[in-house]
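Tertiary structure, described
What follows is the residue order along each chain.
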Amino acid sequence: NMSAGRPFRGCACFFTDNIFVGRFGLHVRYRDGPQLRRDHGRALRERGCRSEEQFREVLREIEAEVQRRKELIHKSEERRAIISKCYKPKHPEVYTLQDSFLAPEFLEIVRFCTSPGADLQGLLSYLESFSDKRIYRLPVFTEEFCQAFVDELENFEQSDMPKGRPNTMNNYGVLLNELGMDEPFLTPLRERLLPVTALLYPELGGACLDSHKAFVVKYSLHQDLDLSSHYDNAEVTLNVSLGKEFTEGNLYFGDFSQDPCPVPKYIEVEHVGGRGLLHRGGQIHGALPIASGERWNLIVWMRSSAIRNQLCPMCRRKPELVEAEGFGDGFTEPLGEEEVPQTVDVCALG
């Protein structure tokens, strides 16, 4: 995958920053034991990590996660090759995006956004807005597609194919690039959304979201119940509720990570089947525990290289670029001096 002929990269902070210590619900930065104790010892103690043995367990957990991240690209490519060769899909049609999968209202919204004179106020009349946090809900998929997609995901889950964790905080779900869905399904979906995100999030590169990371997460009583507070490695996130039947498990949203309040105000948003939430990746959020049933959600982290090439959203520094597979983490190598555009445009800053 390339952006204007440039391969995508990751940031070196992936191996040191935002490492989630599940048992104490804390994200940490890790260089070595003394640094961890110095920077995070107090927060760990406040969360119940009081004995030396507990601290050593945390160290082991972190070191295992760092090792997992270092092996991630190789292991992911291995899994993808095996799945491509050996997995027999139950619903092969769901792997390629078709207009018939998309809610008629979604297609109408995209039509409006691509019409002459489309503006933010006009777009907002089609969307549900939540508080002043720039969180919006819109219809995305038909109920028929959601049912077929979840059925396909369950078929894969029950197969003996190798499976990767969706991210560092979710244990249950599917990495969609490993299923081969990036090019035929997710890239077209992201591109269909560009006229919408361009109006909603212009300063985040909403008009030039040129890569993504997409996964499906699953919550159930005997697996992942909830999700701790966090922000996404994305400029804009799409979160679509796919079903099935469940109670509780609302999403909650706090501050924008780059603009925190002394006393954050949280709002809760319910899931509605087939509908998606669009929000800024930096919006702090989480998921409350479900009370019954099973909940499946499609998450698409959409990224703009023009924005993140200036500042990595995870370490808040100029990205230190490292080799990556596929879309990497959405960074690209800088343009040569002679290629820098003369006019300033947020989507041409990369």
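This section reports on the structure supplied with the text.

The rules behind the values
- Residues numbered from 1 in each chain as written.
- Predicted model: local features only at pLDDT ≥ 70, side-chain atom pairs only at ≥ 80, totals over all residues.
- Heavy atoms only, no water.
- Salt bridge = Lys/Arg side-chain N within 4 Å of Asp/Glu carboxyl O.
- Helix = DSSP H or I, 4+ residues; strand = E, 2+ residues; numbered from the N terminus.
- Buried < 20%, exposed > 50% of the residue type's maximum accessible area, 1.4 Å probe, protein only.
- Phe/Tyr/Trp six-rings, centres within 6.5 Å; stacked < 30°, edge-to-face > 60°.
- Axes fitted to C-alpha atoms, helices over the stretch in contact; angles between N-to-C directions.
- Left-handed = near helix turned anticlockwise from the far one by under 90°.
- Contact = heavy atoms within 4.5 Å.
- Nonpolar A, V, L, I, M, F, W, Y, C, P; charged D, E, K, R; others polar.
- Core = buried A, V, L, I, M, F, W, Y, C linked by side-chain atoms within 4.5 Å.

Scanning all chains against the criterion turns up 23 salt bridges. The residue Glu 333 makes a salt bridge to Arg 9 at a minimum N-O spacing of 3.0 Å. Here Glu 333, found in the segment after strand S18 (331-332), pairs with Arg 9, found in strand S2 (residues 6-11); they are 324 residues apart in sequence, far enough to count as distant. A residue is classified by how much of its surface remains accessible, and Glu 333, at 31% relative accessible area, is partly exposed.

Before going further, it helps to examine the packing of aromatic side chains. Under the defined criterion, the tally for this structure stands at 13 aromatic pairs. Judged by centre distance (5.4 Å) and plane angle (75 degrees), the rings of Phe 8 and Phe 327 are edge-to-face. Of the two residues, Phe 8 is situated in strand S2 and Phe 327 in the loop between strand S17 (321-322) and S18; the sequence distance between them amounts to 319 residues. Given a relative accessible area of 6%, Phe 327 falls into the buried group. When the centroid spacing of 6.1 Å and the interplanar angle of 20 degrees are considered together, the rings of Phe 149 and Phe 185 count as stacked.

This part covers the packing of helix H1 (residues 33-46) against helix H2 (residues 52-86). The interhelical angle for the contact between H1 and H2, taken along N-to-C directions, is 115 degrees, at an axis separation of 12 Å. Of the two possible hands of crossing, H1 and H2 adopt the one that is right-handed. Here Gly 33, Leu 36, Arg 37 and Leu 44 of H1 come into contact with H2, specifically with Glu 52, Phe 55, Val 58, Leu 59 and Ile 62. For the contact of H1 with H2, the residue count by class is six nonpolar, one polar and two charged.

So, about the nonpolar core. Formed by 53 residues in total, the largest nonpolar core has its most connected members in Phe 106, Phe 141, Leu 176, Leu 179, Leu 189 and Leu 242. Those elements giving two or more residues to this core turn out to be helix H3 (104-113), strand S6 (135-139), helix H5 (143-158), helix H6 (182-200), strand S8 (211-220), strand S10 (236-243) and strand S16 (290-303). Among residues more than four places away in sequence, those in contact with Leu 176 are Phe 149, Leu 153, Met 181, Asp 182, Leu 186, Ala 214, Phe 215, Val 216 and Leu 298. If you look at the next biggest cluster of nonpolar residues, it comprises 16 residues, including Ile 135, Val 217, Tyr 219 and Leu 251.

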